[in-house]
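One letter stands for each residue in the lines below.
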Amino acid sequence: MAGPARPLAGPGRPNGDGCAMSGLRVLLAEDDVLLREGLASLLERSGYDVVGQAADGRGLLALARETRPELVVADIRMPPTHTTEGLEAARVIREEMPDTAILVLSAYAEVEHAMELLASGRRIGYLLKSRVSDVDEFLDTLRRVASGSSVVDPALVRELVTARRRDDPLEALSAREREVLTLMAEGRSNAGIGRRLWVTEGTVEKHVGSILTKLSLPEADDDHRRVLAVITFLEAR
């Protein structure tokens, strides 16, 4: 059985590969003690400073308020009901500590949860637990979320791409623009999208501009409009 919430301390140790943001203060919440301790060990070896661990939503909130972490990694389903305790705690943390980055983990691809998280702004991630086994990808997701991106698990993105509905708001997008929007939904930067599609960053910027125009998104800063574009993409399933 998972133990109680407990604060931790200790300096992060850089791993030299650039994947981690050295010394970033992270709070973990997961009721599976083996997974939680494994994640804590991985993060500490990768240069993060794990400031606390919690086994349920209440403990997560208490430790978040005590330690003021820069990044929270939390399971969606935790005791006592194993429904949305982690999601509810993440919502409160976002309201009280809007600058804290949040990555939620889920055993299943749940579209509504992903959309709700993205709607709260930047520095948000939604990842399937199965993805954690790919250490490099997991650490890259942490880095991108902490740096300000909104990241959706690629498996969920692929599922949504194949599910179309009538009156699809994405109908006006070209095939290439759909590819770009799919990678945007995964939290890729323009440079990252360019590397994936083997095109220049300038070409990606033109595609992104076209996407935002075709989706008739309201005028706002570019980062917010990108989040709105991703939400539109998720809703068009």
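Residues numbered from 1 in each chain as written. Predicted model: local features only at pLDDT ≥ 70, side-chain atom pairs only at ≥ 80, totals over all residues. Heavy atoms only, no water.

## Some words on the overall build of the protein chain
Each helix and strand in the protein chain was counted, giving 10 helices and 7 strands. For the protein chain, buried positions account for 51% of its 237 residues. Partitioning the contacts of the protein chain with sequence separation of at least 6, the portion at a separation of at least 24 is 69%. Element-wise, carbon and sulfur atoms account for 52% of the exposed surface of the protein chain, whose accessible area totals about 11000 Å². (Helix = DSSP H or I, 4+ residues; strand = E, 2+ residues; numbered from the N terminus. Buried < 20%, exposed > 50% of the residue type's maximum accessible area, 1.4 Å probe, protein only. Contact = heavy atoms within 4.5 Å. Areas by Shrake-Rupley, 256 points an atom, 1.4 Å probe, with all protein chains shown as cover.)

## Description of the nonpolar core
Grouped together as the largest cluster of nonpolar side chains are 24 residues, with contacts concentrated most on Leu27, Leu60, Val72, Ile93 and Ile102. Of all elements in the fold, only strand S2 (25–29), strand S3 (49–54), helix H2 (57–67), strand S4 (71–75), helix H3 (85–96), strand S5 (101–106) and strand S6 (124–128) reach the threshold of two or more residues within this core. Residues in contact with leucine 60, not counting those within four places in the same chain, are Leu27, Ala29, Ala54, Val72, Ala74, Met78, Ala89 and Ile93. One finds Leu28, Leu105, Leu127 and Leu142 within the second-largest nonpolar core, a separate group that totals 22 residues. (Core = buried A, V, L, I, M, F, W, Y, C linked by side-chain atoms within 4.5 Å.)

## Details of unusual backbone geometry
Residue proline 80 is bonded to the preceding proline 79 through a cis peptide linkage, with omega at 10°. Along the polypeptide, proline 80 turns up in the loop between S4 and H3. In this structure, arginine 68 is a non-glycine residue whose phi angle is positive, near 50°. Along the chain, arginine 68 falls in the loop between H2 and S4.

## Looking at the pairing of S3
A large share of S3 lies buried, amounting to 6 of its 6 residues. Alignment of S2 against S3, held across 5 bridges, turns out to be parallel. The partner of arginine 25 across the bridge, within S3, is aspartate 49. Since S2 and S3 lie parallel, the crossover through helix H1 (residues 33–45) that links them has a hand, and here it is right-handed. (Pairing = 2+ DSSP bridges. Right-handed = clockwise from strand over helix to strand, strands pointing away.)

## Quick word on helix H5 (residues 135–146)
If you check H5, its first and last C-alpha atoms are 16 Å apart, about what 12 residues at 1.5 Å a residue would give, namely 16 Å. Buried residues of H5: Phe138, Leu139, Asp140, Thr141, Leu142, Arg144, Val145 and Ala146, and no others. Of the surrounding elements, those touching the buried residues of H5 are H1, S4, S5, S6 and strand S7 (150–152). (Expected span 1.5 Å × (residues − 1).)

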